[in-house]
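# Coordinate inspection notes
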There are 2 protein chains.
Amino acid sequence: MTEIKTAFNSRNFSPEVLAEKLKNQHFADSIDIINDLDIVERVTILSLLPLDYVIELFDKPELEQSAAILELLPINRAVEILDGMSADAAADVFQEMDKETRTRLYALLKPLTRAELKKLTSYPDHTAGALMTTEFIAIPSNWTIQKTLDHIREVERTRETVYTSYVIDPKTGTLLKAVSLRNLILASPDEQILNVPTHDSPITISPFTDHEDIARLFQRHDLLSVPVVDENNHVIGIVTVDDVLDTMVDEMNEDAYKFGGMEALNKPYMQIKFPEMMKKRGGWLALLFIGEMLTASAMQYFETELEKAIILTLFIPLIMSSGGNSGSQATSLIIRALALRELTLNDWWKVIIREIPTGLSLGFLLGIIGITRIALWQKLGIYDYGQHWVAVSTTVGTTLIGIVTFGSLSGSMLPFILKGLKFDPASASAPFVATLVDVTGIIIYFSVASLILSGTLL
Amino acid sequence: MTEIKTAFNSRNFSPEVLAEKLKNQHFADSIDIINDLDIVERVTILSLLPLDYVIELFDKPELEQSAAILELLPINRAVEILDGMSADAAADVFQEMDKETRTRLYALLKPLTRAELKKLTSYPDHTAGALMTTEFIAIPSNWTIQKTLDHIREVERTRETVYTSYVIDPKTGTLLKAVSLRNLILASPDEQILNVPTHDSPITISPFTDHEDIARLFQRHDLLSVPVVDENNHVIGIVTVDDVLDTMVDEMNEDAYKFGGMEALNKPYMQIKFPEMMKKRGGWLALLFIGEMLTASAMQYFETELEKAIILTLFIPLIMSSGGNSGSQATSLIIRALALRELTLNDWWKVIIREIPTGLSLGFLLGIIGITRIALWQKLGIYDYGQHWVAVSTTVGTTLIGIVTFGSLSGSMLPFILKGLKFDPASASAPFVATLVDVTGIIIYFSVASLILSGTLL
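Residues numbered from 1 in each chain as written. Chains lettered and ligands numbered in written order. Predicted model: local features only at pLDDT ≥ 70, side-chain atom pairs only at ≥ 80, totals over all residues. Heavy atoms only, no water.

### With respect to the overall build of chain A
Counting its regular elements, chain A contains 21 helices and five strands. In summary, chain A has a C-alpha radius of gyration of 31 Å against a globular reference of 23 Å for 458 residues, an excess of more than 25%. Once the C-alpha set of chain A is aligned to its principal axes, its extents read approximately 95 × 60 × 40 Å. Taken over 458 residues, chain A has a buried fraction of 56%. Put simply, 66% of the contacts in chain A that link residues at least 6 apart link residues at least 24 apart. About 18,900 Å² of surface is accessible on chain A, with carbon and sulfur atoms providing 58% of the total. Each charge sign in chain A was given a centre, from 38 positive and 57 negative side chains, and these centres are 1 Å apart. (Helix = DSSP H or I, 4+ residues; strand = E, 2+ residues; numbered from the N terminus. Rg over C-alpha atoms; globule rule 2.2 N^0.38 Å. Buried < 20%, exposed > 50% of the residue type's maximum accessible area, 1.4 Å probe, protein only. Contact = heavy atoms within 4.5 Å. Areas by Shrake-Rupley, 256 points an atom, 1.4 Å probe, with all protein chains shown as cover. Lys, Arg positive; Asp, Glu negative; His and termini not counted. Charge placed at Lys NZ, Arg CZ, Asp CG, Glu CD.)

Written out as structure tokens, the structure is:
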């Protein structure tokens, strides 16, 4: 595969030869090579490859700028490709085209393709409706196995998966059962499809079921596809496992970037141009910076305390980071638990009940370590914290209990609050939590200090 | 499903009635109910359910404590279950049993099951060898379609998936092609299997291919299963898409917890007992705390500067958090790029080349915001930063450029270093990076201050 790429780049062979080589490659490998070409070369190559092969390439989300390529291809070819593509992929590409081309192409498409595009582009992002394909095997319940198999053979090319047939009541159009191809080939050909033994009632989803729930369902029931039904139990499409895998990888990336405190990237790291990288990172960084400015205001407020007890400043970074760390632990815990549906929005109080003792204990643990550190340095003569060192270390220890508890609580509540406000709970990034906790940390620290050190240092 | 659970808990019906109800449920739903019972009840129920149904339950990784249940079941039943389970699931359960039971059971198992267990338990975790099952459809290349289909019908019950048949050279035993069930039912029954048209050479993996690469391959080629071959191209097992989904969800959770700075949980949040939660969070929190203590040492080192220019302390939290935030952005970027194989270990210098200008620019952005903030407060009379406020704001601005660049660089290099040391790059947590950057942040801040403020404030 690499040799093909190198050979073409060094102009060792023409587009015709490249097309000839590509059509014996795995689709994914061809796509890698095609993605490396410039747009004019791509259009040339895709005009030279056999239509069937090109349709398969366009069916994969990995083919970059597929909308732009379709716009540049001869219109007849573009129409053939769109008509041949699986409906869900066609809908995705279609939505990326400019409005003018879209209108022009739409008029030339087959009526069936038109109807499918209309249906599929009408559902919100991140739902089963936007992910599903309308091409599935629907079998009237009065057919025999033989008739079903014949039908599958006939329509096989136009269906994304033939591994499950959906048995439909011919009168009401409702879904009666799902029969796997495995069960079909086991049954005798003249048997009625309705009599094929299946273990249980079919698992269905609504067009508004969201990505995470779909992934969970596939994992739970080891599914290869799942029918999407409307409120009358009519099958309107199916979601297949390959699309679920794609959305899971996307989701993983998005969540990781978000938790790192930046906007999700839609391209590989090395391919992102400088201005785009600045935008994805700079926006959040500046926002967090502005939030964090409140720490300076908080410290200005405690100016007199600061001047009197400069020794306190030594522990500011230690205290603040402990709050941030315990907060980011709690946040990552709750984001996962919400994503896996282990917790629902109404469980927030159960989490508070768990996080208070956990936070107190973790804070106590850090407090003990902190006090020991100060005492050790004092006794060993490494550093002199002054005559009031016991009071100072008590202040630090007490503050740690407060700040770790506060960090755990706010870190665990933030995803609930975001979810309650209809934001993605995964937007609760580690830097976001840290910023939130930092300001409070300073207030807690100096308030505790005023209490413990008043009359001595303060 | 919930009603069944409630009814049983309120002792409205006996184990016999519960078993009767369960066997009409989806496997995943039954498992949920069974997982809620105590271990003795579980054993009773699983003795009452039909063997076929029980085998399916044990095949799912979601059934909790399956090893313990098998140990408590009558030995004959346990043997029947292990013999009936898919080989990969059986190997997983087997490895969790205590050594004594394992030896006792092993002797009674079918020779085939014994051989499979031996093979499957010999591969390291997180590899295809540990994930694969040895039950697949292998077809000698001189068979016809009809003979192949008859064979599939016959062995269907003992194979995890029948959707792909692997065509083997009867002499050398090597893999010649992979034929999908879809292609089989399309072909005419008396055709030779070797002549069934397939698009391309079969995609294979080695038993040592790791989880992330397997997931990537499934996503790339839209696979339902992939054959695992040894160095002589003999098929030794297959990995199926349902197992890939399971490992992806596990991986997602693990990474999220790690990035939050804690050990991965293996149970839902609400089910973790207090001591375990303390262990998972307390260990890392204490470790990070001890690392962060270096900030106190760094500040002690700059004691004289601190006393002279107390105004500088106001901006310590702001500066430190900016370093941490830019570091955690860079880390999450590189962890994903490494996981998706967009970058390899040798690309570290390319990343440095990209991160230096990005870091400098982001730092410049924050520096400008910071200087503006100080100037505004000073001019508007909100706070008086003293006669040297211009020098102070220049110090803050310059430090921000330095710290954000350093944060971006160390954040992006940490995953490379971990990977180089054979650790999981995803262990580079946001708190870990922040701790690393905090200490350096203080050093950079006071060094810049010494340079700019010497002769005025210092």
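### As for the sheet that holds strand 1 (residues 137–140) of chain B
All names here are of chain B. Taken together, the three strands give an open sheet; going across it, the order is 1-2-3, and neighbouring strands pair in mixed fashion. Both edges of this open sheet fall to strand 1 and strand 3 (175–180), since each of them pairs with a single strand only. Sheet twist, expressed as the mean angle between neighbouring strand axes with direction ignored, is 30 degrees. Relative to strand 2 (residues 164–168), strand 1 is paired through four bridges, and the arrangement is parallel. In the sheet register, Pro-140 faces strand 2, and the bridge partner there is Ile-168. (Pairing = 2+ DSSP bridges. Axes fitted to C-alpha atoms, helices over the stretch in contact; angles between N-to-C directions.)

### Quick look at the pairing of strand 4 (residues 225–229) of chain B
All names here are of chain B. Among the five residues that make up strand 4, five are buried, leaving the element largely enclosed by the rest of the structure. Where burial is concerned, the two faces of strand 4 agree: the one with Ser-225, Pro-227 and Val-229 and the one with Val-226 and Val-228 are both buried. The pairing of strand 4 with strand 5 (residues 235–240) spans five bridges and is classified as antiparallel. Across the sheet, Val-228 pairs through a bridge with Gly-237, a residue of strand 5.

### Section: the relation of the copies chain B and chain A
Both copies of the chain are related by a screw-like operation: a rotation about an axis and a shift along it. The operation relating chain B to chain A is a screw motion whose rotation component is 180 degrees, with 0.1 Å of axial translation and a residual RMSD of 0.2 Å. On this basis, the relationship between the two copies can be described by a two-fold rotation axis. A shared interface surface links the copies, since 100% of the contact residues of chain B are contact residues in chain A too. (Least-squares fit on C-alpha atoms with pLDDT ≥ 70 in both.)

### Concerning the sheet that holds strand 3 (residues 175–180) of chain A
Residues and elements named next belong to chain A. The three strands lie next to each other as 1-2-3, forming an open sheet whose pairing is mixed. Taken across any chain shown, the strands that pair with only one partner, and hence form the sheet edges, are strand 1 (137–140) and strand 3. Between one strand axis and the next, the sheet turns by 30 degrees as a mean value, whatever way the strands run. The strands touched by helix 12 (residues 145–155) are strand 1 and strand 2 (164–168); relative to strand 1, the strand with the most contacts, the crossing angle is about 150 degrees.

### Description of the interface of chain B and chain A
Contacts between the two partners involve 125 residues from chain B, matched on the other side by 125 residues from chain A. Between chain B and chain A lies a buried interface of about 11,400 Å² when both sides are counted; carbon and sulfur atoms form 66% of it. Applying the counting criterion to the chain B and chain A interface returns eight salt bridges. For the salt bridge of Arg-220 of chain B with Asp-29 of chain A, the shortest nitrogen-to-oxygen distance reads 2.5 Å. On inspection of chain B and its partner chain A, the count reaches 44 residue pairs in polar contact (both at pLDDT 80 or more). Considering each element in turn, the side of chain B that touches chain A owes the most residues, 18 residues, to helix 16 (residues 274–301) of chain B. Residues belonging to the side of chain B that touches chain A are distributed by class as follows: 69 nonpolar, 29 polar and 27 charged. (Buried area = accessible area lost by both parts, 1.4 Å probe. Salt bridge = Lys/Arg side-chain N within 4 Å of Asp/Glu carboxyl O. Polar contact = N/O pair within 3.5 Å; in protein donor to acceptor, adjacent residues only side chain to side chain. Nonpolar A, V, L, I, M, F, W, Y, C, P; charged D, E, K, R; others polar.)

### A closer look at the UniProt feature "transmembrane region" (unreviewed entry) in chain A
Taken from the UniProt record, the annotation "transmembrane region" (unreviewed entry) applies to residues 356–376, 396–418 and 430–453 of chain A. Across residues 356–376 of chain A one finds 100% helix and 0% strand; the C-alpha atoms that close the span lie 30 Å apart. (UniProt positions renumbered as here; feature names shortened; annotations may be inferred.)

### Quick look at the packing of helix 16 of chain B against helix 21 (residues 430–453) of chain B
All names here are of chain B. Direction vectors running N to C along helix 16 and helix 21 enclose 10 degrees, while the axes themselves pass 8 Å from each other. Between helix 16 and helix 21, the angle falls in the class roughly parallel. Along the contact surface, helix 16 presents Leu-288, Gly-291, Glu-292, Leu-294, Thr-295, Ala-298 and Met-299, while helix 21 presents Pro-431, Phe-432, Thr-435, Asp-438, Val-439, Ile-442 and Ile-443. Split by residue class, the contact of helix 16 with helix 21 holds nine nonpolar, three polar and two charged. (Parallel < 35°, antiparallel > 145°, perpendicular 65-115°, else oblique.)

### What about the domain arrangement of chain A?
The domains assigned to chain A are domain 1 (10–122), domain 2 (138–240) and domain 3 (270–453). The straight-line distance from the C-alpha centre of domain 2 of chain A to that of domain 3 of chain A is 52 Å. (Domains from an automatic or database assignment.)

### Observations concerning a nonpolar patch on the surface
Residues and elements named next belong to chain A. A cluster of nonpolar residues, Trp-348, Trp-349 and Ile-353, forms a patch on the protein surface that exposes about 350 Å² of accessible area. When you line up the elements, Trp-349 lands in helix 19 (residues 348–379). Since its relative accessible area comes to 43%, Trp-349 is described here as partly exposed. (Patch = residues over 30% accessible without salt bridge, like charges linked within 9 Å, V, L, I, M, F, W, Y side chains within 5 Å.)

### Remarks on the packing of aromatic side chains
Tallied over the entire structure, the rule returns 20 aromatic pairs over all chains. On the basis of an interplanar angle of 50 degrees and a centroid distance of 5.5 Å, the ring pair of Tyr-445 of chain A and Phe-446 of chain A is categorised as tilted. On the basis of relative accessible area, Phe-446 of chain A is assigned to the buried category, the value being 0%. Of the aromatic side chains, those joined through ring pairs into one cluster are Tyr-301, Phe-302, Tyr-445 and Phe-446 of chain A. When the ring centre of Tyr-269 of chain A is taken as reference, the NZ or CZ atom of Arg-354 of chain B above it lies at 5.4 Å. (Phe/Tyr/Trp six-rings, centres within 6.5 Å; stacked < 30°, edge-to-face > 60°. Lys NZ or Arg CZ within 6 Å of the ring centre and 35° of its normal.)

### Considering helix 14 (residues 211–221) of chain A
Residues and elements named next belong to chain A. Along helix 14, eight of the eleven residues are buried, which leaves the element largely enclosed by surrounding structure. Those residues of helix 14 lying buried are His-211, Ile-214, Ala-215, Leu-217, Phe-218, Gln-219, Arg-220 and His-221. Here helix 14 starts with a cap whose side-chain oxygen sits 3.1 Å from the backbone nitrogen of Glu-212, and that cap is Asp-210. Positive phi shows up at Asp-222, right after helix 14, with a value of about 50 degrees.

### Description of the nonpolar core
Here is a general trend for soluble globular proteins: nonpolar side chains tend to be buried in one another's company. Leu-49, Phe-58 and Val-239 of chain A together with Leu-49, Phe-58 and Val-239 of chain B are the most contacted members of the largest nonpolar core, which totals 124 residues. Filtering out sequence-adjacent residues up to four positions away, Phe-58 of chain A remains in contact with Leu-46, Leu-63, Ser-66, Ile-69, Leu-70, Leu-73, Ile-81, Met-85 and Ala-89 of chain A. By size, the runner-up hydrophobic cluster in this structure holds 92 residues, among which are Ala-286, Leu-366 and Leu-453 of chain A together with Leu-318 of chain B. (Core = buried A, V, L, I, M, F, W, Y, C linked by side-chain atoms within 4.5 Å.)

### What to know about the pattern of salt bridges
Under the criterion given, the structure shown has 28 salt bridges over all chains. The residue Glu-355 of chain B makes a salt bridge to Arg-281 of chain A at a minimum N-O spacing of 2.9 Å. Note that Glu-355 of chain B is positioned in helix 19 (residues 348–379) and Arg-281 of chain A in helix 16 (residues 274–301), a pairing that runs across two chains. Of the two residues examined, Glu-355 of chain B and Arg-281 of chain A, each falls in the buried class. Overlapping salt bridges bring together Asp-210, Glu-212, Asp-213, Arg-216 and Arg-341 of chain A as one network.

### Quick word on the environment of Phe-208 of chain A
Residue and element names in this part refer to chain A. Following the sequence through the fold, Phe-208 ends up in the loop between helix 13 (181–186) and helix 14. For Phe-208, a relative accessible area of 53% translates into the label exposed. Those residues in contact with Phe-208 that sit more than four places away from it in its chain are Tyr-123, Pro-124 and Thr-127.

### Notes on the packing of helix 7 (residues 75–84) of chain B against helix 9 (residues 99–108) of chain B
Residue and element names in this part refer to chain B. Across the interface, helix 7 lies against helix 9 with an axial gap of 10 Å and an inter-helix angle of 70 degrees. In terms of axis orientation, helix 7 runs roughly perpendicular to helix 9. The way helix 7 lies across helix 9 gives a crossing that is right-handed. Taking contact as the criterion, the partners of Ile-75, Ala-78, Val-79 and Leu-82 in helix 7 are, on helix 9, Arg-104, Leu-105 and Leu-108. Partitioned by chemical class, the residues of the contact of helix 7 with helix 9 number six nonpolar, no polar and one charged. (Left-handed = near helix turned anticlockwise from the far one by under 90°.)

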